[in-house]
Amino acid sequence: MTADHEGDTAAGGEPELSDSLRTFGAVLKALREADGLTQEEFAPRVRYSAAYVAKIEQGKRFPPENLPDRTAEVLGPVAGKVLAAAARSLRRKAGLASWFLQWAGIEEEAITLYAYECRGIPGLLQPEGYIRAVFERNLPPLTDEQIERQTTARLERQTVLSAHPNTAFSFIIEQSLLERQLGGANITRELIDHLLLTGRRTNVEIQIMPLRQEDHTGADGQMYLAESPGNQWFGYVEGHRSSAPITAPSEVSILLQRYGKLRSQALDCRATVSLLEQMRGAL
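Residues numbered from 1 in each chain as written. Predicted model: local features only at pLDDT ≥ 70, side-chain atom pairs only at ≥ 80, totals over all residues. Heavy atoms only, no water.

**Side note on the overall build of the chain**
Right, so step 1: Counting its regular elements, the chain contains 13 helices and 6 strands.
Right, so step 2: Surface summary for the chain: the accessible area is close to 13500 Å², and the carbon and sulfur share equals 51%. (Helix = DSSP H or I, 4+ residues; strand = E, 2+ residues; numbered from the N terminus. Areas by Shrake-Rupley, 256 points an atom, 1.4 Å probe, with all protein chains shown as cover.)

**As for helix H12 (residues 249-265)**
Right, so step 1: Spanning 17 residues, H12 covers 24 Å between terminal C-alpha atoms, matching the ideal 24 Å at 1.5 Å per step.
Right, so step 2: Taken together, the buried positions of H12 are Val 252, Leu 255, Tyr 259, Leu 262 and Gln 265. End-on, the buried residues of H12 take up no more than an arc of 135 degrees, which puts them together on one face. For H12, the exposed residues set more than 90 degrees away from the buried face come down to Pro 249, Gln 257 and Ser 264.
Right, so step 3: Buried residues along H12 sit against strand S1 (112-117), strand S2 (168-174), strand S3 (204-209), strand S4 (223-227), strand S5 (233-239) and strand S6 (242-246). (Expected span 1.5 Å × (residues − 1). Buried < 20%, exposed > 50% of the residue type's maximum accessible area, 1.4 Å probe, protein only. Arc of directions from axis to C-beta. Contact = heavy atoms within 4.5 Å.)

**Focus on the pattern of salt bridges**
Right, so step 1: Taken as a whole, this structure holds 15 salt bridges when the rule is applied.
Right, so step 2: Notably, a salt bridge pairs Arg 119 with Glu 117, separated by 3.9 Å at the nearest N-O pair.
Right, so step 3: Here Arg 119 falls in the partly exposed class, since its relative accessible area comes to 34%.
Right, so step 4: Its relative accessible area of 0% is what places Glu 117 among the buried residues.
Right, so step 5: Each of Lys 55, Arg 61, Glu 108 and Glu 156 takes part in a single network of salt bridges with overlapping partners. (Salt bridge = Lys/Arg side-chain N within 4 Å of Asp/Glu carboxyl O.)

**Notes on the nonpolar core**
Right, so step 1: Ranked by internal contacts, the top residues of the largest apolar core, which has 32 residues, are Trp 103, Ile 121, Phe 169, Phe 171, Ile 173, Leu 178 and Leu 195.
Right, so step 2: Take this core: its biggest share by element is 5 residues, from helix H11 (residues 185-198).
Right, so step 3: Non-local contacts of Phe 171, meaning those with residues more than four positions away in its chain, are made with Ala 115, Pro 122, Leu 124, Leu 125, Leu 161, Val 204, Glu 205, Ile 206, Gln 207 and Tyr 259.
Right, so step 4: The next biggest cluster of nonpolar side chains, apart from the first, holds 17 residues, and it includes Val 46, Tyr 48, Leu 67 and Leu 75. (Core = buried A, V, L, I, M, F, W, Y, C linked by side-chain atoms within 4.5 Å.)

**What to know about the packing of aromatic side chains**
Right, so step 1: The full count for this structure, using the stated rule, is 6 aromatic pairs.
Right, so step 2: Ring centres of Tyr 114 and Trp 233 lie 5.4 Å apart, and the angle between their planes is 35 degrees; this geometry places the pair in the tilted category. Of this pair, Tyr 114 sits in strand S1 while Trp 233 sits in strand S5, and the two are 119 residues apart along the sequence.
Right, so step 3: Under the relative-accessibility criterion, Tyr 114 is labelled buried at 17%.
Right, so step 4: A centroid spacing of 6.4 Å and a plane angle of 65 degrees characterise the contact between Tyr 224 and Tyr 236, whose relative ring orientation is edge-to-face. Placement of Tyr 224 in strand S4 and of Tyr 236 in strand S5 is noted, with a sequence separation of 12 residues between them. With respect to burial, Tyr 224 and Tyr 236 carry one shared label: buried.
Right, so step 5: Linked through ring pairs, Trp 103, Tyr 224 and Tyr 236 together constitute an aromatic cluster. (Phe/Tyr/Trp six-rings, centres within 6.5 Å; stacked < 30°, edge-to-face > 60°.)

**What to know about the pairing of S2**
Right, so step 1: In terms of burial, S2 is largely enclosed, as 6 of its 7 residues are buried.
Right, so step 2: Across 6 bridges, S1 lies against S2 in parallel orientation. Bridge pairing in S2 places Glu 117 opposite Ile 173.
Right, so step 3: Of the pairings in the sheet, the one linking S2 to S3 comprises 6 bridges and is parallel in character. Within S3, the position partnered with Ile 172 by the bridge is Gln 207. (Pairing = 2+ DSSP bridges.)

**Describing the side chain of Lys 55**
Right, so step 1: If you trace the backbone, Lys 55 turns up in helix H3 (residues 50-57).
Right, so step 2: Setting aside chain neighbours within four positions, we find Lys 55 in contact with Lys 60, Arg 61, Glu 108 and Glu 156.

**A look at the pairing of S6**
Right, so step 1: Relative to S6, S5 runs antiparallel, the two being bridged by 5 bridges. Each bridged residue has a counterpart across the sheet, and for Glu 238 the counterpart in S6 is Ser 243.
Right, so step 2: Taken together, S5 and the strand that follows it, S6, pair antiparallel across an intervening segment of 2 residues, in which Arg 241 is found at a positive phi of about 50 degrees.

**Let's talk about the sheet that holds S5**
Right, so step 1: Taken in spatial order, the 6 strands line up as S3-S2-S1-S4-S5-S6 in an open sheet, and their pairing is mixed. Lying at the two open borders of the sheet, with one neighbouring strand each, are S3 and S6. Ignoring which end each strand starts from, the neighbouring axes of this sheet average 10 degrees apart. (Axes fitted to C-alpha atoms, helices over the stretch in contact; angles between N-to-C directions.)

**Some details on the packing of H11 against helix H13 (residues 269-282)**
Right, so step 1: Relative orientation of the contacting elements H11 and H13 amounts to 155 degrees, with a least axis distance of 10 Å. In this view, H11 runs roughly antiparallel relative to H13, as classed from their interaxial angle. The two elements H11 and H13 meet at a crossing, and its hand is left-handed. Contacts between H11 and H13 pair Arg 189, Ile 192, Asp 193, Leu 195 and Leu 196 from the former with Val 273, Leu 276, Glu 277, Met 279 and Arg 280 from the latter.
Right, so step 2: Class assignment for the residues of the contact of H11 with H13 results in 6 nonpolar, no polar and 4 charged. (Parallel < 35°, antiparallel > 145°, perpendicular 65-115°, else oblique. Left-handed = near helix turned anticlockwise from the far one by under 90°. Nonpolar A, V, L, I, M, F, W, Y, C, P; charged D, E, K, R; others polar.)

Below, the structure is given as structure tokens:
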């Protein structure tokens, strides 16, 4: 989600658990094919999209906790037990990238997604030039191949905005992130144009938090919130090479309260557009 999501990697730039995730995906695929089902046939029966199932089978998504139970309903109890055992093994090895992949799955299935950023432009809103500017400044440095791979992965994630027109996306971004001009004036101009264009989508709301706001309630830093199709809310925060899921309803409730207050303190959508156009004209 943030500027460094795909950067949560082990040495060499490869996501942690990549081999284990691919193995889990291969097990799921073998069980599905043994029952004679295609991804398109299997996916709706376990109540996920075919694209989501495909990414799990490819090792690109951390499997949701209820997948073994749902699989058992479709493929039988033995298949469910096999998949549950594979999932337990996977979670014992979980690290930073594992939770990000799990969050990416929540993000992909969410019916509501909130994001407040004070460190970098949210990953779902970054144009290609900004993405490259972020990865080119990564420490330790990334190879050209790693930059290309991670840029492609981030651009692929952004398709969730167009693929889920009924999902409500809300983003609050600190004005200081634009004033910083990461990558230079041309990159910032491209970024502002991208924000203005993306903000025209009926399912996307972008608000800028002005530099001066005496009642600012975001002192504890960035936050992400997502509502699942079952109307369960999840939270997510991260720091330097660390991340934390927030699932306890009482804690998620606090984040929702804070996000609601931040929305009231940020510029509304029309004022945001005016400020962005003003900032672009000054570049």
